[in-house]
Amino acid sequence: MEKYVLVTGAAKRIGSVISQQLAAEGWSVLIHYNSSDKDALKLAAQLKEAYPRQEFPTMQCDLSSTKEVLNLFQNTPVKNMKLRALINNASIFTPGSITDITPDFLAEQMGVNFEAPLFLMQTFKKHFGQGSIINMLDTNVIKNIETHAAYLLAKKSLDAITKMAALAWAPAIRVNGIAPGPVLPPPNQDQKHLEKVIANTPLKRQVGTDDIVQTVSFLLNNPSITGQIIFCDSGAHLK
Ligand SMILES: NC(=O)c1ccc[n+]([C@@H]2O[C@H](COP(=O)([O-])OP(=O)(O)OC[C@H]3O[C@@H](n4cnc5c(N)ncnc54)[C@H](OP(=O)(O)O)[C@@H]3O)[C@@H](O)[C@H]2O)c1
């Protein structure tokens, strides 16, 4: 039987690189996307060509819709798909201070960055019963930077639920998190945006997408680790 992993926000950027790595390790990947349908289909075709024995179905779902999230595993494109892992990677990173937060803005940021991963974790447990979950966090989860207050609040909540679920769902399900530092500039921003952040890290190093995917592999492959948050951030969390 195929060994499936769901990667959310898999069409581009970090999600795409995670999908490529997991495909290389023998996983069939359920490639989730929201608006990047062309990128998702292109990735699926490339992976199928490289790994013809594995499957790479694509699936659209707007993670800001609780209804769509709750039904995601009922609507998978492959019948009786047995998922063994879930990577909650999709995210929106919108600036705004605490003073600027409105109810709609908070609902959007919490919806995609916290509620969707939480309900995907919960429905993953209900449908498949066992496996491994990795939540993509942010190096700033242990800080109180307020430039992206609602985003950070959501990621802090995701950090907390990662540990709660790891304890509640052991031994059947392992739940871990990765807290990246500066990997890629936010969508629609150039590299200059990142240079200051990189210069401020102890290792003065842009985190490689390869560094992130190595951490994903490590967490998926190590059966003794749960409830762990790995800061893959050039030491940024230390300052
Ligand atoms: N980039 C960094 O340096 C960095 C730093 C710290 C933490 N992280 C974390 O690492 C992860 C990956 O980062 P990234 O920069 O590659 O992410 P990203 O490009 O900002 O977002 C990944 C994907 O999330 C999906 N998404 C956004 N809103 C959605 C919605 N309503 N429904 C469904 N999907 C939605 C988008 O899919 P579509 O394109 O299909 O719409 C997007 O391609 C994120 O969790 C991020 O918070 C990244």
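Shown above is the structure to which this text applies.
Residues numbered from 1 in each chain as written. Predicted model: local features only at pLDDT ≥ 70, side-chain atom pairs only at ≥ 80, totals over all residues. Heavy atoms only, no water.

1. A closer look at the packing of aromatic side chains
Scanning all chains against the criterion turns up 4 aromatic pairs. Seen in terms of ring centroids, Phe73 and Phe128 are 5.2 Å apart; in terms of plane orientation they differ by 85°. Their pairing is edge-to-face. Here Phe128 lies in helix α4 (residues 103–128) and Phe73 lies in the loop between α3 (66–71) and β4 (83–88), a separation of 55 residues in the sequence. Each member of the pair Phe73 and Phe128 is classed as buried. Centroid distance Phe93 to Tyr151: 4.7 Å. Interplanar angle 80°. Geometry classified as edge-to-face. Of this pair, Phe93 sits in the loop between β4 and α4 while Tyr151 sits in helix α5 (residues 149–169), and the two are 58 residues apart along the sequence. (Phe/Tyr/Trp six-rings, centres within 6.5 Å; stacked < 30°, edge-to-face > 60°. Helix = DSSP H or I, 4+ residues; strand = E, 2+ residues; numbered from the N terminus. Buried < 20%, exposed > 50% of the residue type's maximum accessible area, 1.4 Å probe, protein only.)

2. Looking at the environment of Thr123
When you line up the elements, Thr123 lands in helix α4. Overall, Thr123 belongs to the buried group, its relative accessible area being 5%. Each C-alpha atom, one on Thr123 and one on Asn144, is 31 Å from the other, the two residues being 21 residues apart in sequence. When residues no more than four places from it in sequence are discounted, the contact partners of Thr123 are Leu70 and Phe73. Of note is the side chain of Thr123, whose polar atom sits 2.7 Å from the backbone oxygen of Phe119. (Contact = heavy atoms within 4.5 Å. Polar contact = N/O pair within 3.5 Å; in protein donor to acceptor, adjacent residues only side chain to side chain.)

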